[in-house]
Amino acid sequence: MAEETENENNLVPAENRIIPINIEDQMKAAYIDYSMSVIVSRALPDARDGFKPVHRRVLYGMLDLGVTSGKPFKKSARIVGDVLGKYHPHGDTSVYDTMVRMAQDWSLRYPLVDGQGNYGSIDGDPPAAMRYTEARLRKIAEEMLADIQKDTVDFQLNFDDSLQEPTVLPTRIPNLLVNGASGIAVGMATNMAPHNLTEVIEGTIAYIDNRDIEISELMTFVKGPDFPTGGLIYGYSGVKDAFETGRGRIVMRAKAEIETTKSGKEIIVVTEIPYQVNKAEMIKRTADLVHEKKIEGISEIRDESAKDIRVVYEIKRDANANVVLNNLYKYTSLQTSFSVNNIALVKGRPQLMNLKDMIHEFVEHRHDVVIRRTKFELAEAEKRAHILEGYLIALDHLDEVIKLIRNSDTPEDARVGLMERFGLSDIQARAILDMTLRRLTGLERDKIKDEYAELMKTIEYLKEVLADEALRFKIIKEELEEVKEKFGDERRSQIVHSAEDMRMEDFIDDEEVVITISHNSYVKRTPLTEYRRQGRGGKGAIGSSTRDEDFTEHIITASAHNYLLLFTEAGRCFWLRAFEIPEGSRTSKGRALQNIINIPKDEKIKAYIKVINLKDKDYLENNYIIMCTKKGTIKKTSLEAYSRPRANGINAININEGDQLIEATLTSGSSEIVMALRSGRAIRFNESTVRPMGRTATGVRGITLAHEKDEVVGMISVNDQETTVLVVSEKGFGKRTDIEDYRITNRGGKGVKTINVTDKTGELVAIKGVTDEDDLMIINKSGIVIRIGVESLRVMGRATQGVKLITLKETDEIASITKVDRQEEEEFDGEETENQSENSSSNPENEEQE
């Protein structure tokens, strides 16, 4: 009783058992613990195997349950239950959803689970309940679990300390890059894009071969993300940022084709959509936008998808399919973006990783796995060799061993006797006692000897592997090659390198246009269809309404999306996109060039070059610009030097005093050049005789002038023998001559006669390279234009006078000539100032004159 009272007196009073804690500190500590738990154990993947704990547990649980690729399917509920009960003590939904996603070929680039039953759809349909579906591992998942039983990775206790689970998988596949990952933690998130297995393995092997490899070199192997749903990666800058820094915005586009139905209607057919886009939701949203009139030109949307995606947009007859498609890209999820944020756990800590970092972590992990596997296999081999050594000793003293065993009272006596008599270890003695009698036959004895000899070779090799790092990396490379052979495939996502984000030209029809530049630098573009072909010798149609002192000097036929490189007489170069030129009717004056580009007021455009693309490296490096001046200087420079547009232009050529630039042409580097003089002479020489120079060089002599007042009127480059040389004089005479009539001479000579210059013909004003497929547009100083087919001009001798191409009034002269690519239509609508007259048969002046 006294003892009980004493115990009661020793009890601490209730108020003293409560420890006061600052609630702010307690909340901080609790929230930090929670945050770390979410970061490390839930939301972020491990950089080594690319898995979060839930993925790892599902795959390991399936291996544990024996549902490998060669075994029958098992109910998903059974798998989920097993994973929950053994490794993942959370909701069954999280486990089933993870397993479902790993089975969907539109979610994972390389699915890891082979699902049977309804696993949802790209339209966002949910999967069937787990009691209805079945699953098993795919072969590729087995590569991620390979060698897990060989002590290749660390294991930890599960939630109730009753089982061991792996902390990481010994994957042979760089899963972090191949399948990507996404997750939202506390204070950070990750969003990694999937990539092509073949490319990633090639990049990894390149990294193993050269640890100092630059990211730019790795990018020659790993071109960019490769999404399960295919589509286009639109623009490369986001991919480059993601690879170099770990962060970048990748623009994805659907793959769409414009087709024409049998009834002549245009349709847009979408066969691949961007990654993570819900197809049904996308179609519904597009229909809403059409209904709200935010997107116009679509008459019907149909989803014709079966196994493959096929979404059809019917275009109204008066709408342009290209413009509709670009509006779909702009306003709907036919174009969307993937924001890369490569955060993964490196040694348990979150880290932002670039391409090289991710490959490095995988290679280091794989190296560690190979070392641990080799050590395990060596230990196992040595254990087995030890037992075989015991067997061999026993077989060498067989009669004695049998006698010793027979004379022993108990197995224990026999074991001790064997150890003492033959110097065997405990393990060897036990193994001998466990031997079956059949192992004593001659054949079995040979098998034991052969096995022992083979094992010694294996042990020697494994020790060599452990001693030689180069050999270990060779093994890693061989295993990667094997994986590539088994599972590698073609890219699904196409990369469109030259794209920029939603450019102006995407909303403009890429039609053929005629660009006219007047003597006083007024410019306009007109659809080519406004000019109508006429017969040779016609009066022409009104080409432009100009002031008395102005006339059209240049006529350029181009596509609306082409670049124009404009060269001034002073040798400066300016850039202009054809669609940036204001549209005008055939008779309108146009707009002053100074209002469109920053050209100095005292400089005039003398030459132009139409360039298809300024982004394609091959195109830029394999094409050249050749320029010539009035005084006969010629200069050649790589197109690449003119590929970076500047608002104020750049110096294209150094012009000497009293000279000016008159012509520039685009060549492939192997053309022949023909230059013509006002005095009626021309020279032909190989372009290769002019070496490429820098942008600011002056050039070399191309042709020698006939006299002081003589000057160069033009230059052409010829690439094929079909091209004929067309020369035109100021009074409307012209003729075509075979290129072979001009013999090839050295650059800088005086040339040969190209047209017989008389008072009737006037001096030479133009030279063009033409074929029968071309049309000719001639404009005179009073603004009259005629368009004739070149085939109506027959080829004649070099020294002849030619035929009349256009009938001029007494005071009029030819201002400009250009050739036009033949259109499919033979006739274009257009007004004529007078009825077509004077054809070649009725006009004696049109006959060839010697």
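Everything that follows concerns the structure shown earlier in this document.
Calculation criteria
Along each chain, residue indices are assigned from 1 in the same order as the chain's sequence is written. Thresholds applied to this predicted model are a pLDDT of at least 70 for local features of residues and 80 or more for the giving and counting of side-chain atom pairs; totals over whole chains, interfaces and linings are not thresholded and use all residues. Working from all heavy atoms in the structure, the side-chain values ignore hydrogens and water. Axis geometry follows a simple rule: fit a line to the C-alpha atoms, using only the stretch in contact for helices, then measure angles between N-to-C directions, giving values from 0 to 180 degrees. What counts as a helix is a DSSP run of H or I of at least four residues, what counts as a strand is a run of E of at least two, and both are numbered from the N terminus. Convention used here: angles under 35 degrees read as roughly parallel, angles over 145 as roughly antiparallel, angles from 65 to 115 as roughly perpendicular, and any remaining angle as oblique. By convention, the crossing between two helices is left-handed when the near helix turns anticlockwise from the far helix through less than a right angle, and right-handed when the turn is clockwise. Every residue pair with non-hydrogen atoms within 4.5 Å of one another is taken to be in contact. All residues other than Ala, Val, Leu, Ile, Met, Phe, Trp, Tyr, Cys, Pro, Asp, Glu, Lys and Arg, Gly among them, are scored as polar; the first ten of these are nonpolar and the last four charged. What counts as a ring pair is set by centres within 6.5 Å for rings of Phe, Tyr and Trp (its six-membered ring), and what kind of pair is set by the plane angle: stacked under 30 degrees, edge-to-face over 60, tilted for all other angles. Per-residue accessibility, obtained with a 1.4 Å probe over protein chains only, is compared with the maximum for each type, and a residue is labelled buried under 20%, exposed over 50%, and partly exposed between these values. Either the NZ atom of lysine or the CZ atom of arginine qualifies as a charge over a ring when it sits within 6 Å of the ring centre and within 35 degrees of the ring normal. Strand pairing requires that DSSP identify at least two bridges connecting the strands. We define a nonpolar core as any set of buried Ala, Val, Leu, Ile, Met, Phe, Trp, Tyr and Cys residues linked to one another through side-chain atoms lying within 4.5 Å.

Q: Please explain the packing of helix H9 (residues 197-209) against helix H19 (residues 469-487) as it appears in this structure.
A: When two helices pack together, their arrangement is captured by the angle between the axes and the distance separating the axes. Two elements in contact, H9 and H19, have axes whose closest approach is 10 Å; the angle formed by their N-to-C orientations is 165 degrees. Here H19 runs roughly antiparallel to H9, going by the angle between their axes. Judged by the sense of rotation from one axis to the other, the crossing of H9 with H19 is left-handed. Taking contact as the criterion, the partners of Leu197, Thr198, Ile201, Glu202, Thr204, Ile205, Ile208 and Asp209 in H9 are, on H19, Phe473, Ile476, Lys477, Leu480, Glu481, Val483, Lys484 and Phe487. For the contact of H9 with H19, the per-class residue count stands at nine nonpolar, two polar and five charged.

Q: Would you mind showing me how to read the packing of aromatic side chains here?
A: Between two aromatic rings, the relevant description is the distance of the centres plus the angle of the planes. By the definition in use, this model includes seven aromatic pairs. Measuring from centroid to centroid gives 5.6 Å for Phe227 and Phe338, while their planes differ by 50 degrees, and the two rings are tilted. Residue Phe227 is found in the loop between helix H10 (215-218) and strand S8 (232-234), and its partner Phe338 is found in strand S14 (residues 335-341); the two are separated by 111 residues along the sequence. Grouping residues by exposure puts Phe227 and Phe338 together as buried. Residue placement shows Arg253 over the ring face of Tyr234; its charged tip is 3.6 Å from the ring centre.

Q: Explain the packing of helix H4 (residues 53-65) against helix H6 (residues 92-101) to me, please; I cannot follow it from the model alone.
A: Put simply, H4 and H6 touch, their axes get as near as 10 Å, and they point 80 degrees apart. Looking at the two axes, H4 sits roughly perpendicular to H6. In contact with Val54, His55, Val58 and Met62 of H4, H6 contributes Ser94, Val95, Thr98 and Met99. Here the residues of the contact of H4 with H6 sort into five nonpolar, three polar and no charged.

Q: Could you clarify how one ought to interpret the pairing of strand S39 (residues 784-789) in this entry?
A: A regular strand carries its side chains on alternate faces of the sheet. With six of its six residues buried, S39 lies for the most part within the structure. Note: strand S38 (residues 774-780) against S39, five bridges, orientation antiparallel. Opposite Ile778, over in S39, you have Ile786 as the bridge partner. The hairpin turn running from S38 into S39, its antiparallel successor, is three residues long, and Gly783 in that turn takes a positive phi close to 95 degrees.

Q: Which parts of the structure should I look at to understand the nonpolar core?
A: Burial of nonpolar side chains together is a common tendency in soluble globular proteins. Residues Leu59, Met62, Met99 and Leu112 are the most contacted members of the largest nonpolar core, which totals 78 residues. The element that contributes the greatest number of residues to this core is H9, accounting for seven residues.

Q: I tried to follow unusual backbone geometry on my own but got confused; where do I start?
A: Excluding glycine, residues mostly carry a negative phi; peptide bonds, for their part, are mostly trans. The backbone of Asp161 sits at a positive phi, close to 60 degrees, despite the residue not being glycine. Among the secondary structure elements, Asp161 is positioned in the loop between strand S4 (155-157) and strand S5 (164-166). Assessed through its relative accessible area of 53%, Asp161 is described here as exposed. Backbone geometry at Gln276 places phi at a positive 65 degrees, although glycine is not the residue there.

Q: Please clarify how the sheet that holds strand S3 (residues 134-137) should be interpreted in this entry.
A: For sheets, the rule is that strands pair by backbone hydrogen bonds, running either parallel or antiparallel. Strand order in the open sheet made by the three strands is S1-S3-S2, with antiparallel pairing throughout. Only two strands of the sheet have a single neighbouring strand rather than two, namely strand S1 (74-75) and strand S2 (113-116). Pairing of S2 with S3 involves four bridges; the strand directions are antiparallel. For Val113, the partnering residue across the bridge sits in S3 and is Leu137. Contacting S1, S2 and S3, H4 runs over the sheet at an angle of about 90 degrees to S3.

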